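If you want the building blocks of each chain, they are given just below.
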Amino acid sequence: MLPLLLIAVSVLTKTSPAQNSANRSATLGEDRFKSGALTLAAFSSATDAARHSIVRIDLDGKTVALGTVVEASGLIITKASEIKDGKLTCKLASNTEIDAELVARDDDNDVALVKIKATSLTPIKWVSEEASVGQWVVSPGTEKTPEAVGIVSVPPRKILPKRALIGVLLTNAAVAKIVEVTEGLGAEKAGLKPGDIILAVNDTKIKNRDELTATLRHFREGQTVKLRVQRETEEFDASVRMMLPKPETGFRGFNRQERMNRLGGEISQRAEGFELAVQHDTVLQPWQCGGPLLNLDGQAIGLNIARAGRVASYALPAALLAHIIDDLKAQTRKTTPDEKTEKTSPQVEPEPDK
Amino acid sequence: MRTWFCNTTAKSLDASVLITSVHNDGTRPARFTQALPPPKHAGAAMLAAFGLLAALLPSATLSAKESPTARQPSNQRSEPSSTSNRRFHGEFLPLRQETRKVETVLRLLFQDAKETPNETFTPTEPAPAPTPPPTRRTDLPRAFRKDTPGSLDDLKAIEEHVKKVVARVSSSVVAVEVQGGSGSGVVITEDGLVLCAAHVCDSPDLDVLFTFPDGKTAKGKTLGTNHEMDAGLMRITDKGHWSHVDIGDIDRTRLGDWVLALGHPGGFDPQRSMVVRLGRIIRLASDMMQTDCTLIGGDSGGPLFDMHGRVVGIHSRISNSTAANFHVSIAAFQETWGRLAKGDDWGRPVQEVWVGAWGLDHPEGCRLEIVNKNGPGERAGLKVGDVVTKFNGHELKGIEMFKQSVTRTKPGQKVTLDIKRDEMELSVQVTVEPRRGFGGGRFGP
């Protein structure tokens, strides 16, 4: 069918000079682009060693992430949110494929440890070097040439989680006073009512609306906050679960910024909420997260943790990873297989009190 | 599906929409982008017939406090653009209200443009065109003169140099806020001339809030806007000696040159500030260039630097591929510098209009094959099979002429079509309407 049968006028005639000149212009061969094959080849000496510390993690036969070896005995760190229920296998640079098992996870930073039966793997070497803007960063895979390269765009900073809500509208009053409770969100379920004044979040006093919103900004979807609430003369605590708002939509259900963000590739399901992350301009695919981020000397300065948008990928800096990995390892020691599911799922939280 | 966006972002989280560059009241659009040639690999011939998607409007219906510019009378502007902007904003009011209901926290990200009397701005004679200082390619490390970096040493040389350039130019890159929309810009003179994109400037003599990477702000005005090229100029009107950079020499710019894109994707974020990206010039024309420095909304108007640290382009728009990032060439600014500095406003695209009918050539004019459901033509009584013989009394010679005649009609204007239908001769009045429905793929019969 030809659905395009309108008498329509476009701006084409008006812009034809630009078009003509553009058509005349030459184009750079794709292999010479920043992430083109020829350019990537120049980086292979930086990635050659590291690739033996990297695995591809398959979930039911589909590669969902890369993993980085942190212990010769088969402990591998990866991006937690990509590891879902199913059959896990790891493919090494040597092309060996080994069954894997999830043994620990840290949902705050979206990392997990998987274990494979192996003895003499090469752990990655982390260097706690401060990433400086403009420096090359290399994202290796299991091949000789890296998956992609880029530069550091922004120094390390905290990445707030995706905005989750308790679900209230506040008045402009000097205190955080509720004027309306949104249907279907946490505040309603917790029984908050218009007129209630919120005094504290998780025992931290808040004075006004701005302080309340700023405090809540640090909580993720699914987390529960304890609110101290004043209703007329009484005070009480309410547990409110943070939830995501309805997706913001624009004209005819069209979210422009969101759509722009996805122009040129998919982004990670979990792309927000990290204690500290380096932003770099490497064009990664979501499955290319979980691998290390190298400097030109082939040293791991971070771990790719998210493809966050058209212009941004995030990596957890090595200094932060040192702590995270220690905690994860401690988790594996404490946890017997039976307790594992419970202990490793902090996302599962009790229903808020009514 | 091919989509073109301008890289501006609306002030609030709930704000931006993509629409066509049309106005329901027949005045010129508030914001738009013009069509650019598609990159070779962007497919979808389907949409090609329609030209390209255009125009972004911040739908934010700003309160008077948030947007002091919107209601201020303008003594230099001949068109009632601020009125029409308001009207356009108002049209999207429901969207904003809907999102506001969800939470009260949707503010932030941008500094409030506080209303203060504009005492510092005195119109002076147009600033002289800046000239690029002499540069030699041999000033750069050898690695930049190679087709592709060939070794780790080349890469290290590039890295070292890129870091130096970033350190030198960063302080001259600004976030700009005009009429509730935000973009980026770059200061090129000590007294505060700022290069930007026309679709961020919108039109001359609007209030601008500049934010430097360290968070300091300054006030200013938009000067000229060349919408044909998407080149715009602004001036910081606060007194000061502003950190600035030189413009580059386009005659010495080559395909494959390494370039740095700086800007504020998503708008100014105090926790993050500016974002730096590296790439190469992958297409070079007289007035535009394409790079693989990824851009997104909010980058619009921001600078593209060559490896001498000089501005060679201004971010303008993007398309599907991450390698499809388009920049207005610095040459486009130089060519029309006089008009930009004087505060001219020109080159806005023809509005997209239609009557909602399509046909084939016919010996007596044009035989309609399709009449769009609920289109202006159908409502006026046009039917499939009608032969349109005259357009406002002028004989039609085929569909092309019919199309062109519609093109030249202003939206909202009534035209008279002479029609032959089963030996009957009729005269039908049709209102030419702005064509809507881009973005959702909802147009067509």
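Heads up: the structure comes first, above all this text.
Quick caveat: nothing in here was measured; it's all calculated off a predicted structure.

**Student:** Just checking my understanding: could you explain the overall build of chain B for this structure?
**Tutor:** Helix and strand content of chain B: ten helices and 25 strands. Expressed as a percentage of its 445 residues, the buried residues of chain B come to 62%. A fraction of 69% describes how many contacts in chain B between residues 6 or more apart in sequence connect residues 24 or more apart. Accessible area for chain B stands at about 17,000 Å²; split by element, carbon and sulfur atoms hold 50% of it.

**Student:** Help me understand helix 5 (residues 152-169) of chain B in this model?
**Tutor:** In an α-helix, one turn spans 3.6 residues; hence positions three or four apart end up facing the same way. Taking 1.5 Å as the rise per residue, helix 5 of chain B with 18 residues should run 26 Å; its terminal C-alpha atoms sit 26 Å apart, in good agreement. Among the structural elements, helix 2 (37-42) and strand 7 (136-139) of chain A together with strand 5 (173-178), strand 11 (258-263), strand 12 (275-284) and strand 14 (303-305) of chain B are those in contact with the buried residues of helix 5 of chain B.

**Student:** How should I be thinking about helix 5 (residues 209-216) of chain A in this particular structure?
**Tutor:** All names here are of chain A. For helix 5, the set of buried residues is Arg209, Leu212, Thr213 and Leu216. The buried residues of helix 5 occupy an angular sector of 95° when projected down its axis, which confines them to one face. Elements that come into contact with the buried residues of helix 5 comprise strand 9 (168-170), strand 10 (176-181), strand 11 (197-201) and strand 13 (224-231). Its side-chain oxygen placed 3.2 Å from the backbone nitrogen of Asp210, Asn208 serves as the N-cap of helix 5.

**Student:** Would you mind going over the pairing of strand 13 (residues 288-291) of chain B with me for this structure?
**Tutor:** Successive residues of a regular strand alternate their side chains across the two faces of the sheet. Residue and element names in this part refer to chain B. Residue alternation in strand 13 divides its side chains into two sets, Met288 and Gln290 and Met289 and Thr291, and both sets are buried. As judged from the three bridges shared by strand 12 and strand 13, these two strands associate in the antiparallel manner. Bridge pairing links Arg283 to Gln290 in strand 13. Hairpin connection of strand 12 to strand 13: three residues between the antiparallel strands. Sheet analysis places strand 13 next to strand 16 (residues 325-329), joined by four bridges and oriented antiparallel. When the sheet's bridge partners are listed, Met288 is paired in strand 16 with Val328.

**Student:** What's the story with the sheet that holds strand 5 (residues 97-106) of chain A in this structure? I'm lost.
**Tutor:** Two modes of strand pairing occur in sheets, parallel and antiparallel, and in both the strands are linked by backbone hydrogen bonds. Residues and elements named next belong to chain A. Around the barrel, six strands lie side by side as 1-2-3-6-5-4; this closed barrel has antiparallel pairing. Going from strand to strand, the sheet's axes swing by 40° on average, the running direction of each strand aside. Direction of pairing for strand 2 (residues 62-71) relative to strand 3 (residues 75-79): antiparallel, over a ladder of four bridges. When the bridges of strand 3 are listed, Glu71 appears paired with Leu75.

About the criteria used
- Residues numbered from 1 in each chain as written.
- Chains lettered and ligands numbered in written order.
- Predicted model: local features only at pLDDT ≥ 70, side-chain atom pairs only at ≥ 80, totals over all residues.
- Heavy atoms only, no water.
- Helix = DSSP H or I, 4+ residues; strand = E, 2+ residues; numbered from the N terminus.
- Buried < 20%, exposed > 50% of the residue type's maximum accessible area, 1.4 Å probe, protein only.
- Contact = heavy atoms within 4.5 Å.
- Areas by Shrake-Rupley, 256 points an atom, 1.4 Å probe, with all protein chains shown as cover.
- Expected span 1.5 Å × (residues − 1).
- Arc of directions from axis to C-beta.
- Polar contact = N/O pair within 3.5 Å; in protein donor to acceptor, adjacent residues only side chain to side chain.
- Pairing = 2+ DSSP bridges.
- Axes fitted to C-alpha atoms, helices over the stretch in contact; angles between N-to-C directions.

Bear in mind that shape data such as this cannot, by itself, settle questions of function.
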